[in-house]
Amino acid sequence: MSHFLGIDIGTQSTKAVLVDASGKLRSSASQSYQVDRPAPLHAEQWPEVWWQAVRHCISTCLAEIDEETRADIRGLCISSLYGGSGIPVDADMQPLHPCLIWQDRRAEAEAEWVRQHIGLDRLQAITGNGIDSYYGFTKILWLQRHRPDVWARTRYLLPPNSYIAWCLTGEVAIDHSSAGNIGGIYAIHARTWSQELLDAMDIPVDKLPGRLIDSTAVAGHLQAELTDALGLPEGLPIHIGGVDAAIATFAAGVTRPGQHVAMLGTSMCWGYIDDSDQAPQGLVSFPYVLDGRRYLYRFGGALTAGGAVSWFRDRFYRPDHPELSEAELHQRMEAEAAATPPTAAGLLFLPYLMGERSPVWDAHASAAFVGLGLQHGRGHLYRAVLEGVAMALRHNIDAGTGPGNPLDERLIVVGGGAHSDLWMQIIADVTQRDVYTIEQQVEAALGAALLAGIGAGEVSAEAIHGGWIHLQRRASPQAAHASRYQALFELYRELYPVVRPLQHRLQKLGRAD
């Protein structure tokens, strides 16, 4: 039977799965790493970290299978984090600078320049997206203006999956989901680069991959010299896949409008697909990884979700319990939070630890605990963190829901956050939706493997519903909590506009140190 490898390059780890054509998991692997944060609001990574992790995961997966199964591998597909600026590489394809990833918010001045010189209305009409330092095109402008030596030597700007595909094949290409997620230089209706906007920003089109392909298309074939080194079949087709949030959404079974998925990883991404030209205000839009010539993926999200959990764990639990494993710490955290009442005894958390994406779009937003009193302990604070991210999710769902976009009552949640029973119940109560999760817990890597199977012509997209995934209901809304969480959400919506000017002034004061 044919087998397919799915690789998911995430912000904090890379995962790989090997599955057969029926979706049965044969082996899996992962490797963790860190994000470099050289200054406040900076977030970057060197691509060598990803390449080493990919090689490790491939070798670990293959070590668990026999030679006959190795020979039956028919394709490999790559899912990756949103790479922001992309990796600047020179004419010899050597990285010149770390990739400014999605979390990086250093390009605020560049975003303001675009707002003043091009304008939101024109940019939105062409790209379907807004202006914010989250988007890759502003980060590209930052490299252009602040690293002129790097810019002068840059041959290509490659998203993570394109770079790894080049490492494997020697071919340069970019998928439409990754290109569209760059924002302000991709013409979303024409499905190509916008020469008008590139000219306006003085970005040469030849610094971008000229070959734009579908997520299931073959980017190239495994280079001969890597066949023995990786243990993969000679000439193996490599599929370029796309952005992890969209691939995780596909892995959860989203193949038609109305279905929607929240991914709780380092960040929170909530998304759905549609074939409408009307882009909802405040959300990000780019071609979907399945049938991307027809469907657009719309998503919104919080910059910190699992990131907020990790921050709280490392600051408030780890120092007191250095002997505990990460899993044991999370068990303790969950137990203490579960022992506190809904709305954390009158405590509200704004989860803006790295600024915020949609629908707030404010790089200078900051986090806050509001309502803190002597009656609150660690459990209350941690529950407030979980509730705050759930509020951000509800905020995005409300922004993306309208008369022309009815959404299923069922909300599917994927990612590491889905391991928490308490968080799933909080999300059900806050959103007033039944929450489902995937039993397999391999998400984007599994979606990538399925895209490889589709690209090979050996698996249909509908296979996702026919055995590749199994959904389980994890939580249903509790009527007793509905009114409390509705009141908390209304306060959440009202709070940010009130504290925004104070947060901005505090940030200026902090930068003066």
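Before any of the text, the structure's been laid out above.
In short, a report on the structure.

Quick notes on the rules
Residues numbered from 1 in each chain as written. Predicted model: local features only at pLDDT ≥ 70, side-chain atom pairs only at ≥ 80, totals over all residues. Heavy atoms only, no water. Helix = DSSP H or I, 4+ residues; strand = E, 2+ residues; numbered from the N terminus. Rg over C-alpha atoms; globule rule 2.2 N^0.38 Å. Buried < 20%, exposed > 50% of the residue type's maximum accessible area, 1.4 Å probe, protein only. Contact = heavy atoms within 4.5 Å. Areas by Shrake-Rupley, 256 points an atom, 1.4 Å probe, with all protein chains shown as cover. Lys, Arg positive; Asp, Glu negative; His and termini not counted. Charge placed at Lys NZ, Arg CZ, Asp CG, Glu CD. Phe/Tyr/Trp six-rings, centres within 6.5 Å; stacked < 30°, edge-to-face > 60°. Lys NZ or Arg CZ within 6 Å of the ring centre and 35° of its normal. Pairing = 2+ DSSP bridges. 1 Å grid on protein atoms, 1.4 Å probe; cavity = no way out; pocket = protein on both sides within 12 Å on 5 of 7 lines; lining within 4 Å. Points joined across faces, edges and corners; volume = space filled by probe spheres on them. Nonpolar A, V, L, I, M, F, W, Y, C, P; charged D, E, K, R; others polar. Axes fitted to C-alpha atoms, helices over the stretch in contact; angles between N-to-C directions. Salt bridge = Lys/Arg side-chain N within 4 Å of Asp/Glu carboxyl O. Polar contact = N/O pair within 3.5 Å; in protein donor to acceptor, adjacent residues only side chain to side chain.

1. Some points on the overall build of the protein chain
Check the secondary structure of the protein chain and you find 17 helices and 23 strands. Against the compact-globule benchmark of 24 Å for 513 residues, the protein chain has a radius of gyration of 22 Å, which places it among compact chains. Across its three principal directions, the C-alpha atoms of the protein chain cover 65 × 55 × 50 Å. For the protein chain, the proportion of its 513 residues judged to be buried stands at 61%. A fraction of 71% describes how many contacts in the protein chain between residues 6 or more apart in sequence connect residues 24 or more apart. Surface summary for the protein chain: the accessible area is close to 19000 Å², and the carbon and sulfur share equals 49%. Separation between the mean location of the 41 positive side-chain charges and that of the 57 negative ones in the protein chain comes to 5 Å.

2. Some remarks on the packing of aromatic side chains
Aromatic ring pairs are reported here in terms of the distance separating the ring centres and the angle at which the planes meet. With the rule as written, the count across this model stands at 22 aromatic pairs. Its guanidinium or amino end placed over the ring of tryptophan 151, lysine 207 lies 5.0 Å from that ring's centre, counting from NZ or CZ. Above the face of the tyrosine 436 ring, arginine 410 is positioned so that its terminal group lies 5.0 Å from the ring centre.

3. With respect to the pairing of strand 3 (residues 25–32)
Bridging between strand 2 (residues 13–20) and strand 3 involves seven bridges; their strand directions are antiparallel. Paired with threonine 14 across the bridge in strand 3 is glutamine 31. Between strand 2 and strand 3, which follow one another and run antiparallel, lie four residues, and glycine 23 among them has a positive phi close to 95°.

4. Quick notes on empty space enclosed by the protein
Tallying each qualifying case throughout the model produces one cavity of 30 Å³ or more. What the largest cavity holds in volume is close to 80 Å³. Looking at the largest cavity, it is lined by 14 residues, and the ones nearest its centre are Gly83, Gly84, Pro159, Ser178 and Ile182. The residue makeup of the lining of the largest cavity, split by class, is seven nonpolar, seven polar and no charged.

5. Quick look at the sheet that holds strand 14 (residues 237–243)
Strand order across the open sheet formed by six strands is 3-2-1-5-14-13, with mixed pairing between neighbours. In the strand order of this sheet, the two ends are held by strand 3 and strand 13 (218–221), each with one partner. Pairs of neighbouring strands in the sheet enclose a mean axial angle of 20°, with direction left out of account. Examined bridge by bridge, strand 13 and strand 14 share three bridges and lie antiparallel to one another. Paired with valine 218 across the two strands is histidine 239, which belongs to strand 14. Here helix 1 (residues 47–63) sits on the sheet in contact with strand 1 (3–9), strand 2, strand 3 and strand 5 (73–80), set at roughly 150° to strand 3. Against the sheet, helix 11 (residues 244–251) makes contact with strand 1, strand 5 and strand 14, and its axis sits at roughly 100° relative to strand 14, the strand it touches most.

6. Structural notes on the side chain of aspartate 175
Relative to the helices and strands, aspartate 175 is located in strand 9 (residues 174–175). Buried within the structure, aspartate 175 lacks any salt-bridge partner; its nearest side chain of opposite charge belongs to arginine 191, at an N-O separation of 11 Å. Within the structure, aspartate 175 has its side chain in polar contact with the side chain of asparagine 161 (distance 2.9 Å). Only 2.4 Å separates the side chain of aspartate 175 from the side chain of serine 177, close enough to count as a polar contact.

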